Number of protein chains: 2
Amino acid sequence: MDQLRETLKGHHLRTTTCREDVLSAFINKKNALSHGDLEGALGESYDRVTIYRTLKTFLEKGIIHKVLDDEGLRYALCSQQCSEEKHQHDHIHFKCNACGKTNCLENSHIPNIALPQGYQPASFNLLIQGTCPECVAE
Amino acid sequence: MDQLRETLKGHHLRTTTCREDVLSAFINKKNALSHGDLEGALGESYDRVTIYRTLKTFLEKGIIHKVLDDEGLRYALCSQQCSEEKHQHDHIHFKCNACGKTNCLENSHIPNIALPQGYQPASFNLLIQGTCPECVAE
DNA sequence: AAATATTTTGCAACAGTGTTGCATTTAATA
DNA sequence: TATTAAATGCAACACTGTTGCAAAATATTT
Ligand SMILES: [Mn+2]
Ligand SMILES: [Mn+2]
Ligand SMILES: [Zn+2]
Ligand SMILES: [Zn+2]
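A. How the structure looks around the nonpolar core. With 21 residues, the main nonpolar core has Ile92(A) and Leu126(A) as its most contacted residues. Among the secondary structure elements, those contributing two or more residues to this core are strand E3 (91–96) and strand E5 (120–131) of chain A together with strand E3 (91–96) and strand E5 (120–131) of chain B. Ignoring anything within four residues of it in the chain, the contact list for Ile92(A) reads Asn103(A), Cys104(A), Leu105(A), Ser108(A), His109(A), Ile110(A), Leu126(A), Ile128(A) and Ile113(B).

Written out as structure tokens, the structure is:
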């Protein structure tokens, strides 16, 4: 409970119930969440706009990062100590076509890639789609 | 001009002016296009819905593929002989944060990646953001 | 504990995205 | 040219994402 306040304080954010609940949702559900997911989970309690603004704030402060998807953006917790200044990720995202869930594979890193002359890379987003272990088993 | 009809016929699609114009737009502009880009380019001529349906059809037939983006989907021509059955890509997409354009780097391939036990990959989408050669030069 | 300054929230309104149903028009074929 | 099947335009809808502004909540100072 105080964990949430700590995290928010650590990123120079005021503690509000909406922020606690959104952060809590990211921690409990372990997969990436869309705005729609969050609105479904706690939409009765807060206005849509507030949830959008919470996501935007969390992005800026380095609490969550975007997860690219072929049918809309999702968001997931930043595991490392991301901050407003440094916001770096090089892990892979996996979306299961069976159960629909998208997860961060924190330990699978995007390898170095040789780009054509002149391209200066700054950030990477790799989405692999397929079947996740739970769904393969069935 | 007949090139367009050929391509459409080759993918078992009737020739319509909208399809010709959309296909033409993809060929002329070389970067990835969003629905909004297309509507801007030829929105006076066709209904929004028709453009959406054209994109959907082109996707299904393997004429274009989705390009994931952090601020909305884009689409780009399939260079290889993609078809309704086989629709495989392993090249990289590069988005320039300066000029905003996203391009297929057809010759830069996504390397093999070791996934944790149980994950079965089927398709890959890698977006690299940074600065493109044109914008680096300035 | 109360007053103050600053942020955050809810609401309204809006622009954009993406989909569906249905009547009309168009393209391919006979 | 007539027939048939597919594509289009229009209306309507649900969802995504943003902005302005007044009201409420938080953090800070007295
Ligand atoms: Mn991630
Ligand atoms: Mn591409
Ligand atoms: Zn799954
Ligand atoms: Zn550029």
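B. Quick peek at the coordination of the manganese ion (ligand 1). All names here are of chain A. Every protein donor of the manganese ion (ligand 1) is listed here as His65 (NE2), His91 (NE2), His93 (NE2) and Cys104 (SG), and their distances to the metal cover 1.9 to 2.3 Å. Mapping the donors of the manganese ion (ligand 1) onto the primary sequence gives the spacing H-x25-H-x1-H-x10-C. Of this pair, His65 sits in strand E1 (residues 64–67) while His93 sits in strand E3; the two residues are 28 residues apart in sequence, bridging distant segments of the chain. His93 matches His65 in its accessibility class, with the two residues each being buried.

C. Highlighting the coordination of the zinc ion (ligand 4). All names here are of chain B. Looking at the zinc ion (ligand 4), one finds its protein donor set to be Cys96 (SG), Cys99 (SG), Cys132 (SG) and Cys135 (SG), positioned 2.2 to 2.4 Å from the metal centre. Its four donor atoms give the zinc ion (ligand 4) angles of 104 to 118° at the centre, a pattern that matches the tetrahedral case. Between the donor residues of the zinc ion (ligand 4), the gaps in sequence give the motif C-x2-C-x32-C-x2-C. Of this pair, Cys99 sits in the loop between E3 and strand E4 (102–109) while Cys132 is found in the loop between E5 and helix H5 (133–137), placing the two residues 33 residues apart along the sequence. When its relative accessible area of 37% is taken as the criterion, Cys99 is described as partly exposed.

D. Examining the protein's contact with DNA strand C more closely. Of all residues adjacent to DNA strand C, which total 17 residues, the nearest are Thr16(A), Arg19(A), Thr50(A), Arg53(A) and Tyr52(B). Within 4 Å of the protein, the contacting atoms of DNA strand C are drawn from sugar and phosphate to the extent of 59%. Arg14(B) is positioned such that a nitrogen or oxygen atom in its side chain is 3.2 Å from a base nitrogen of DNA strand C. Within the side chain of Arg53(B), one N or O atom sits 3.4 Å away from a base oxygen of DNA strand C. Those elements that provide at least two residues to the surface near DNA strand C are helix H2 (17–28) and helix H4 (48–61) of chain A together with helix H4 (48–61) of chain B.

About the cut-offs
Residues numbered from 1 in each chain as written. Chains lettered and ligands numbered in written order. Predicted model: local features only at pLDDT ≥ 70, side-chain atom pairs only at ≥ 80, totals over all residues. Heavy atoms only, no water. Core = buried A, V, L, I, M, F, W, Y, C linked by side-chain atoms within 4.5 Å. Buried < 20%, exposed > 50% of the residue type's maximum accessible area, 1.4 Å probe, protein only. Helix = DSSP H or I, 4+ residues; strand = E, 2+ residues; numbered from the N terminus. Contact = heavy atoms within 4.5 Å. Donors = N, O, S within 2.8 Å, 3.2 Å for Na, K, Ca; no water. Tetrahedral: all angles 85-135°; square planar, octahedral: opposite > 155°, others 65-115°. Near = heavy atom within 4 Å. Polar contact = N/O pair within 3.5 Å; in protein donor to acceptor, adjacent residues only side chain to side chain.

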